[in-house]
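# Per-entry structural report
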Amino acid sequence: MSNKASPAFDSILTALAEEKVIAYPTEAVFGLGCDPDSEDAVQELLALKNRSWEKGLILIADNYERLCTYIDDVQLTDTQKETIFSFWPGPVTWVIPAKKTTPKWLTGKFSTLAVRVTDHPLVRELCSLYGKPLVSTSANLSGLEPCRSIEEVRKQFGDRLPILEGDVGGRQNPSEIRDALTGKLYRQG
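Since this is a predicted model, take the numbers as computed values, not measurements.

Here we come to the overall build of the protein. The helix and strand tally for the protein stands at seven helices and eight strands. In summary, the protein has a C-alpha radius of gyration of 15 Å against a globular reference of 16 Å for 189 residues, a match within 12%. Its C-alpha atoms give the protein principal-axis dimensions of about 45 × 40 × 30 Å. Each of the 189 residues in the protein was classed as buried or not, and the buried ones make up 49%.

This brings us to the environment of serine 149. Among the structural elements, serine 149 can be located in the loop between strand 6 (134-138) and helix 7 (150-157). At 3.1 Å, the side chain of serine 149 forms a polar contact with the backbone nitrogen of glutamate 152.

For any two helices packed against each other, the geometry comes down to the angle between their axes and how far apart the axes lie. Remark: helix 1 (residues 7-17) packs on helix 6 (residues 121-130), axes separated minimally by 11 Å, with the N-to-C direction vectors making an angle of 55 degrees. It follows from the interaxial angle that helix 1 and helix 6 lie oblique. In this structure, the crossing between helix 1 and helix 6 has a hand that is right-handed. Taken together, the residues of helix 6 that come into contact with helix 1 (itself represented by Phe9, Ile12, Leu13, Leu16 and Ala17) are Leu122, Glu125, Leu126, Leu129 and Tyr130. Per-class residue counts for the contact of helix 1 with helix 6 are nine nonpolar, no polar and one charged.

Turning our attention to unusual backbone geometry. Here the bond from tryptophan 88 into proline 89 is cis, since omega is -10 degrees, no more than 30 degrees from zero. Mapped onto the elements of the fold, proline 89 is located in the loop between helix 4 (78-87) and strand 4 (92-97). Of note, glutamate 19 is a non-glycine position whose phi angle comes to about 65 degrees, a positive value. If you trace the backbone, glutamate 19 turns up in the loop between helix 1 and strand 1 (22-25).

As a further point, take the sheet that holds strand 7 (residues 176-179). By definition, the strands of a sheet pair up through backbone hydrogen bonds, in either a parallel or an antiparallel sense. The eight strands lie next to each other as 1-2-6-3-5-4-7-8, forming an open sheet whose pairing is mixed. The two strands at the open ends of the sheet, each matched to only one other strand, are strand 1 and strand 8 (185-187). Going from strand to strand, the sheet's axes swing by 40 degrees on average, the running direction of each strand aside. Bridge count between strand 7 and strand 8: two bridges; the pairing is antiparallel. In the sheet register, arginine 178 faces strand 8, and the bridge partner there is leucine 185. Sitting on the sheet, helix 6 is in contact with strand 1, strand 3 (58-61), strand 5 (112-117) and strand 6, with an inclination near 135 degrees to strand 1.

Within the fold, glutamine 80 resides in helix 4. With residues near it in sequence (within four places) discarded, glutamine 80 still touches Gln75, Ala180 and Leu181.

Okay, helix 1 next. Inspection of helix 1 places Phe9, Ile12, Leu13, Ala15 and Leu16 among the buried residues, and these make up the whole buried set. Take helix 1 and look down its axis: the buried residues cluster within an arc of 160 degrees, on one side only. On its buried face, helix 1 sits against strand 1, helix 6 and strand 6. The first or second residue beyond helix 1 is glutamate 19, which carries a positive phi of 65 degrees.

Following the sequence through the fold, threonine 93 ends up in strand 4. Within the local environment of threonine 93, its side chain forms a polar contact with the side chain of arginine 116, the two groups lying 3.0 Å apart. Here threonine 93 is in contact with Ile58, Ala114, Val115, Arg116, Ser175, Glu176, Ile177 and Arg178, once residues within four sequence places are set aside.

Quick look at the packing of aromatic side chains now. On inspection of all chains with the given rule, the structure shows three aromatic pairs. Measuring from centroid to centroid gives 6.2 Å for tyrosine 64 and tryptophan 88, while their planes differ by 45 degrees, and the two rings are tilted. Residue tyrosine 64 is located in helix 3 (residues 64-67), and its partner tryptophan 88 is located in the loop between helix 4 and strand 4; the two are separated by 24 residues in the primary sequence. Look at tryptophan 88 and you get buried, because its relative accessible area is 10%. Connected via pairs of aromatic rings, a cluster forms that spans Tyr64, Phe85 and Trp88.

Cut-offs used in this document
- Residues numbered from 1 in each chain as written.
- Predicted model: local features only at pLDDT ≥ 70, side-chain atom pairs only at ≥ 80, totals over all residues.
- Heavy atoms only, no water.
- Helix = DSSP H or I, 4+ residues; strand = E, 2+ residues; numbered from the N terminus.
- Rg over C-alpha atoms; globule rule 2.2 N^0.38 Å.
- Buried < 20%, exposed > 50% of the residue type's maximum accessible area, 1.4 Å probe, protein only.
- Polar contact = N/O pair within 3.5 Å; in protein donor to acceptor, adjacent residues only side chain to side chain.
- Axes fitted to C-alpha atoms, helices over the stretch in contact; angles between N-to-C directions.
- Parallel < 35°, antiparallel > 145°, perpendicular 65-115°, else oblique.
- Left-handed = near helix turned anticlockwise from the far one by under 90°.
- Contact = heavy atoms within 4.5 Å.
- Nonpolar A, V, L, I, M, F, W, Y, C, P; charged D, E, K, R; others polar.
- Pairing = 2+ DSSP bridges.
- Arc of directions from axis to C-beta.
- Phe/Tyr/Trp six-rings, centres within 6.5 Å; stacked < 30°, edge-to-face > 60°.

Written out as structure tokens, the structure is:
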């Protein structure tokens with residue numbers, strides 16, 4: 001953790017360091033996140049969402065270099081990397097081959113990992129201060145709509161989660177998800 005954190009980030013950075021799940025605003029909806037290297041935190045997040053580990057998760061970061069610990073980008077051509085970088089920072093998530101050392105609690109049943117360099121200023125600052133990417137999945141209980149405000153997060157999750165206070169970006173839909181190798185669209189943004 002950095003000593004430069006403002007008071008608004010202090011409790012969130014502490015929660016991440018203590019392997020807790022947090023809520024934070026993204027480009028379209030609030031996300032649930034945690035330290036990607038903490039299996040306990042990821043398991044807590046999956047339990048909160050009632051989500052199977054097999055589906056895999058998204059990592060969100062303030063820059064590409066933070067993601068390189070988890071992805072095997074040597075499998076990408078220069079053209080594929082140029083395409084990815086042309087959408088970042090921004091609301092497009094790319095599915096990229098994962099390094100063999102990337103934990104299964106992140107990749108699920110896949111040999112790939114979904115990653116995004118966000119353009120949301122609060123999340124960029126949070127990742128910068130924490131020095132790592134964050135797990136990112138929509139903040140909602142199974143079967144309910146993703147939360148778009150702090151009030152909605154509190155309504156669905158109560159006081160169980162520290163929340164990074166701020167507004168979501170202006171996007172209507174969660175991030176688009178594409179395959180970095182083939183360009184295939186998995187989820188429309």
